[in-house]
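Structural features, examined
What follows is the residue order along each chain.
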Amino acid sequence: MSMVVAGEAPATEVTPRSGGRGKSYPRYVGGKVLGSLGSLAFMLVVNFFLFRVLPGDPARTLGRGRFTTPEQLAEFNRTHGLDQPLVEQFFTFLRNTFTGDLGVSIKYNVPVSELMLDRMWPTLLLVGTSTILSTVIGIWMGIHQAWKRDSFLDRSTTGTALTLYSMPEWWLGLVLIAVFSVGIGPIPGIFPTGGLDSGAVGQSAIEHGLDVAWHLVLPVFTLTLAYLAEYSLIMRASVLDELGEDYLTTARAKGLRDIQVRNNHAVRNAMLPATTVIALNLGFVVSGAITIETVFSIPGLGLLSTEALQTPDYWVLQGTFLFASGAVIFANLAANLLYGLLDPRVRS
Amino acid sequence: MTAPTETPVEAGRLSTRQLSWQRRRQALARGWAEFRRHRSGMVGLGIMVAFVLVALCAPLLASADGLSVTKATGGVLESPSGKFWLGTDESGRSVLTLLIWGSRISLLVGLLATVISMVIGTLIGLLSGYFTGWAGSILYRFTEWFLVIPFLPLAIILATVLGRSLFNIALVIGITTWPSTALLIRSQTLSIKERPYLERARVLGAGRAHQIGRHILPNVMPMVFANTTLTVAAAILSETTLSFLGLGDPTRVSWGTMLDSAYSVGAMTTGSWWFFLPPGLCVVAVVLAFTLIGRALEEVLDPRLRGR
Amino acid sequence: MLLASLAPALSLGTPTSPAAAADKVTFTVAMTNEVDSFNPFLGIEAESFEMWALMYDYMITYSMDDMSPEPGLATSWDTSEDGLTWTFHIRDGINWSDGEPLTAKDIAYTYNRILDGGPESATWGSYLKGVTSVTAPDDTTVVLKTAKPNAVLPLLPIPIVPEHIWKDVSEKDVKTYGNEPEGGQPVVGSGPFRLVEGKAGGDTYRFEANPDYWQGTPHIDEVVYRVYKSEDPAIAALKKGEVDFAEGISPIQVDALQGQPGITAINGNSPGFDEIAFNTGSVDVKTGKPIGDPNPAMLDPKFRYALGFALDRDKLIETVYQGAGEPGSTIIPPAYSHWRWEPPEDVAFSFDLDRAGELLDEAGYKLGSDGLRTQPDGSPLGTLRLAARSDSDMDASLNTMNYFKEWLAELGIQARVDTYESSKLTDVILEGTFDMFQWGWYVEPDPQSMLSYMTCDQRGNWSDSWYCNKEYDKLFDKQSITVDRDKRAEIVKKMQEMLYVDAPYLVTAYNTIGEAVRSDRFACLRPQPDPGGIWLFQYGAYNYINMRPASEASECAGDKSASQATEAGESGGVSTGVLVGGGIVLLALLGAGGVVMMRRRSTTDDRE
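In this text, all values refer to a predicted model and were calculated from it rather than measured experimentally. (Residues numbered from 1 in each chain as written. Chains lettered and ligands numbered in written order. Predicted model: local features only at pLDDT ≥ 70, side-chain atom pairs only at ≥ 80, totals over all residues.)

**A short note on the overall build of chain C**
Each helix and strand counted, chain C has 17 helices and 21 strands in total. Sorting the 608 residues of chain C into buried and exposed places 52% on the buried side. The contacts in chain C between residues at least 6 apart in sequence include a share of 69% that link residues at least 24 apart. (Helix = DSSP H or I, 4+ residues; strand = E, 2+ residues; numbered from the N terminus. Buried ≥ 20, exposed ≤ 12 C-beta atoms within 10 Å, placed from the backbone. Contact = placed C-beta atoms within 7 Å.)

**Thoughts on the interface of chain B and chain A**
The interface of chain B with chain A comprises 41 residues on the first partner and 42 residues on the second. For the side of chain B that touches chain A, the elements supplying multiple residues, two or more each, are α5 (134–148), α6 (151–162), α7 (166–193), α9 (208–244), α10 (255–264) and α11 (273–301) of chain B.

**What about the nonpolar core?**
Judged by nonpolar contacts, the single largest core of 329 residues is most densely connected at Leu-174 of chain A together with Ala-30 and Ile-107 of chain C. The element contributing the most residues to this core is helix α8 (residues 205–243) of chain A, with 21 residues. (Core = buried A, V, L, I, M, F, W, Y, C linked by C-beta atoms within 7 Å.)

**Let's talk about the pairing of strand β8 (residues 131–138) of chain C**
All names here are of chain C. Here 5 bridges tie β8 to strand β9 (residues 141–146), and the two strands are oriented antiparallel to one another. Across the sheet, residue Val-131 finds its bridge partner in β9, namely Thr-146. Taking the residues between adjacent antiparallel strands as the criterion, β8 and β9 are bridged by 2 residues. (Pairing = 2+ DSSP bridges.)

**Some points on the packing of helix α5 (residues 112–147) of chain A against α8 of chain A**
Residue and element names in this part refer to chain A. Interaxial distance between α5 and α8 falls to 6 Å at its minimum, and their mutual angle equals 35°. When the axes of α5 and α8 are compared, the crossing they make is right-handed. Tallied by class, residues from the contact of α5 with α8 come to 21 nonpolar, 10 polar and 1 charged. (Axes fitted to C-alpha atoms, helices over the stretch in contact; angles between N-to-C directions. Left-handed = near helix turned anticlockwise from the far one by under 90°. Nonpolar A, V, L, I, M, F, W, Y, C, P; charged D, E, K, R; others polar.)

**Topic: the packing of α10 of chain B against α11 of chain B**
Residue and element names in this part refer to chain B. Close contact between α10 and α11 brings their axes to 9 Å; oriented N to C, the two are set at 150°. By the angle between their directions, the pair α10 and α11 is classed as roughly antiparallel. Between α10 and α11 lies a crossing whose hand is left-handed. Taken together, the residues of α11 that come into contact with α10 (itself represented by Trp-255, Met-258, Leu-259 and Ala-262) are Phe-275, Phe-276, Pro-279, Gly-280, Cys-282 and Val-283. Per-class residue counts for the contact of α10 with α11 are 9 nonpolar, 1 polar and no charged. (Parallel < 35°, antiparallel > 145°, perpendicular 65-115°, else oblique.)

**Some points on the environment of Trp-255 of chain B**
Residues and elements named next belong to chain B. With respect to the helices and strands, Trp-255 occurs in helix α10. Between the alpha carbons of Trp-255 and Leu-98 there is a distance of 8.2 Å; along the sequence they are 157 residues apart. Trp-255 has contacts with Gly-102, Ser-106, Thr-240, Pro-279, Cys-282 and Val-283, leaving out every residue within four places of it along the chain.

**Comments concerning the sheet that holds strand β5 (residues 85–90) of chain C**
Residues and elements named next belong to chain C. Here we have 4 strands laid out as an open sheet, ordered β4-β5-β9-β8, and antiparallel in their pairing. Both edges of this open sheet fall to β4 (74–79) and β8, since each of them pairs with a single strand only. This sheet shows a mean twist of 20° between the axes of neighbouring strands, independent of strand direction. Strand direction decides the pairing type here: β5 and β9, joined by 5 bridges, are antiparallel. Its bridge partner being in β9, Thr-85 is matched across the sheet by Lys-145. Packed on one face of the sheet, helix α3 (residues 104–115) meets β5, β8 and β9 and runs near 160° to β8.

**Here we look at the confidence of the model for chain B**
In the predicted model, chain B carries a mean pLDDT of 81, and the fraction of residues at 70 or more is 92%. Under a pLDDT of 50 for its full length, residues 1–11 of chain B has, in the predicted model, 19 contacts with residues more than four places off or in other chains. (pLDDT = per-residue confidence, 0-100.)

**Observations concerning unusual backbone geometry**
All names here are of chain C. Looking along the chain, the bond that leaves Gln-528 and enters Pro-529 is cis, with omega of -5°. Structurally, Pro-529 is set in the loop between β20 (522–523) and α16 (542–546). Cis geometry marks the peptide bond from Asp-530 to Pro-531, where omega comes out at 0°. Tracing the sequence through the fold places Pro-531 in the loop between β20 and α16.

**Examining the environment of Ser-137 of chain B**
Residues and elements named next belong to chain B. Topologically, Ser-137 is positioned in helix α5. Taking the C-beta count within 10 Å as the criterion, Ser-137 has 12 such neighbours and is therefore assigned exposed. For the pair Ser-137 and Thr-229, spaced 92 residues apart in sequence, the C-alpha separation works out to 28 Å.

Structural data, given as structure tokens:
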């Protein structure tokens, strides 16, 4: 769940419109890249220490109810490096992270990187589809809302968007499950309740693809609605901003038809802040899917990280958190570079 | 920014205070008049007031005994009836009672988290905007670092590390939402700093604390206020989500913990709609109310946003 | 628009329902936890044990009636006079799924891998405790030698792995060896089913029947496990027929499912209990000095025993456990009738606050002038800290303690309830900074492990009540070398009596596990223990081998304890018209949200 409040400016530093031309683009890029590296270093430190103070001894949490000797406990700690001093563990962590070794899952005894690769595609599929759908529909909606401001269409759709925006997306998911998977009254539950496929045998690749698509209908729909609300609100606000600019008044005065004004000027300029926000949000998609993956039992990265908290499976948590924050930093950088390229005014 | 507060300080100390007090009151009255014209903002305000009243009057509306599992009188997941208007939960407690008392916790956590977020965010935003040297840029970097931390994973981990209590939940939400406030306050501070009257104050020898406390802070306050209502909305949503993931305070009933129980006892599959619909609808209503108020306030304070 | 674009998936997406796969009988089980490893030397989750039971055989298995040892790969066994040498006679003519013969050598190999120490010994080492050597003098004989008589034998629930495969897995590699199917080849095993698809931590595991299984070909062709992240979607899937079996469901769900056509649901007795445990004296294990801060009254067996009468166990079962479960008494659950001690009338706890009060008075914990009880020396008793677990599915823990707090208040004892995550509570227990806590144990068919947790040696390790009683320890040592089952049971019962009166634990309830099956599709499932037990996640793979499609239910009609087929219930049918209707309703719902945005007066400055 991202915390970008509708109408709020993107996190990039946008100075007032008065600013003249800023630094050269390469310098701007250099600065932003350096900043991102700083963030990355900070994340690594946070990442390490946060997880080392998690309560609970994983050996004990995992082992309760089994006949385990103290020697076996010690053996467990030794194989996972838990008996080393913290500082040493930290340097091992840094070295391993840079070589792509994220450790071995305490629970599954599988390399974390392998586990994460397996769990990545359901998340990407879910979140990718929802993002594309919500971006396209959201931008389209935002433009039309802004253009027909205060019309019945605008008021009702903006109201709906605000309502959706105020809704915990997982609760929406639960309601949709209750209505469309379980069935209420005359509506029978037709959609699967969860999972990514039905696990049936002898499916061809196409059948399997359709099976997965069928399972993803409700979760994608839920997530699309959630993102849609946000994106349409942002797009609507950006277009409204542009509509207030003087040059549009001029364009109108010149007698251009509404549709031309919209397409040629307002929309093109309004796309800039909106795409930046969407790019920024892309970084949050991994974590954003946590609740939806939980509610719909989709074996993705988000679910992996909440499951890992039960053990706690240090290495899996560390890996997923690293991935999630890395994605945000990368998306942030991309958004900044994009913005700097398209709008020189921000390079101050 | 609203116009009246921008007028340069002219008269002597005592009268300045009186004058500015008067001005602020006028500005407030004007703001209120402006706000009242926002129908959606007023609807939001109405909903919010209604929920706050329910939360404050909870002991009058339903006995606190209704929260005790040991004193529960109903059956397991009974459907709504004359006795239990919204049915019962899995321990036989009235869902309506839980809902009424839950509003206290949900609102309280929302407010507490917002206060934490606002205090940190305003402080860091002010300082990083005011100080241009290395101190300011370090604070700015710091804010940026926190901004990229994915909210939910961090909140989950912190909630686990700190333990599960009301205050910890608020703290977690507070320390994960402050950076956006800080950035907003920072950009406000940057623009206010350049205004002529502050320069004059500097020339007259006003200290930093005086500049920040007497001139910048009062000017960013309206924006902080507008941002606050939006943060409350985000905080209530976050509380609900964290509680739903099983990280809420298990000894207290909030809308989030109700939804968690509803989910774990299978209210959806047993068709116990009265257990999972009302808490969710309350969350939507309250969050929507705060969002509408926040948007209306933003428009009042920043004419550029009008018509959004 | 979104719905419309996905509509084509409708017609093609549904043939996956089990009914459509007419050529194969697939039994689909919904689980709420993943397999942590298919490698029997690594996994520790119950789900993994279930998988191994399908993949492998055991030399000795458990009976359906009371989980006593029964012949598996071994047809019979004998013990030497001194009880130090065990000889097992192994079945002939069994093959691994790749055609290699399974012989006594494979058994000896598996056991020796465990005896060598290392990761293999972590899970299974305890069963071979005291075993000095395992040899296979010929293909049908396994000889075990022990240093001293071992009462737990012949119980050896260790999956036997093929030597010709595992000899290539070194001691170092075993820690990361997944034992998963590769290149479409099933994992080599000897059990009734073969793992053809699945990964640790994955969400689907598929098994194919072993047509040459030595106990006979299973009556179902495939077993598929699907992992749901919570119970609710699993139940919904069961109702719709997407799965045939749901495991670990709540009593509320069992209640709700009992009325459903085509579904049979039970609360099966599970061999486990929940207890309220006392801090009977936490000490530093090395120095023997007290650590932590238990209330002095916790150290007094008389005080603890008295509180046993302040627990309304029936009330707890009715409300906290939603009616599923049995009131608790001793640490050996009723399922293990051979080992269990029944407390006689005059000792047994009942909910009797007057009796509790009298016992407290006798022990010196008298009521003070303020209505609160005092320590025997007259100082205030103080507030007792009741620790409950706060994990999200642990409402029973918190609610039990809330009730207990109120009953204690009626006795004039103040208490407060503290909540902890399970993992955090483990630390609190080890630090000794608690008075009482609520938790539970799963009890294995042999009482050895459970009894060991109450010995002095286990303090700081698996003992959580810090109980230490030299007399008890002596009996423990004695029973672990008493090979005669009846004589051993005598001692085990004596030990339970000791624990009952000393009361480090007040056993509150014996658990049940909720299970539900599509009885319109499958029948002939036998509970373990029989009667009253559970259908799946048993010890052994009995039901997977013996269950049948509902159409063949008559085959087991003579067996009274086996589940029977019922009339067909609903199944996931789809119609496009319904889908469109649903879409309209949803859109209407969302549109209603728009009402919130009431008519706005247009703002003054029209900036266009």
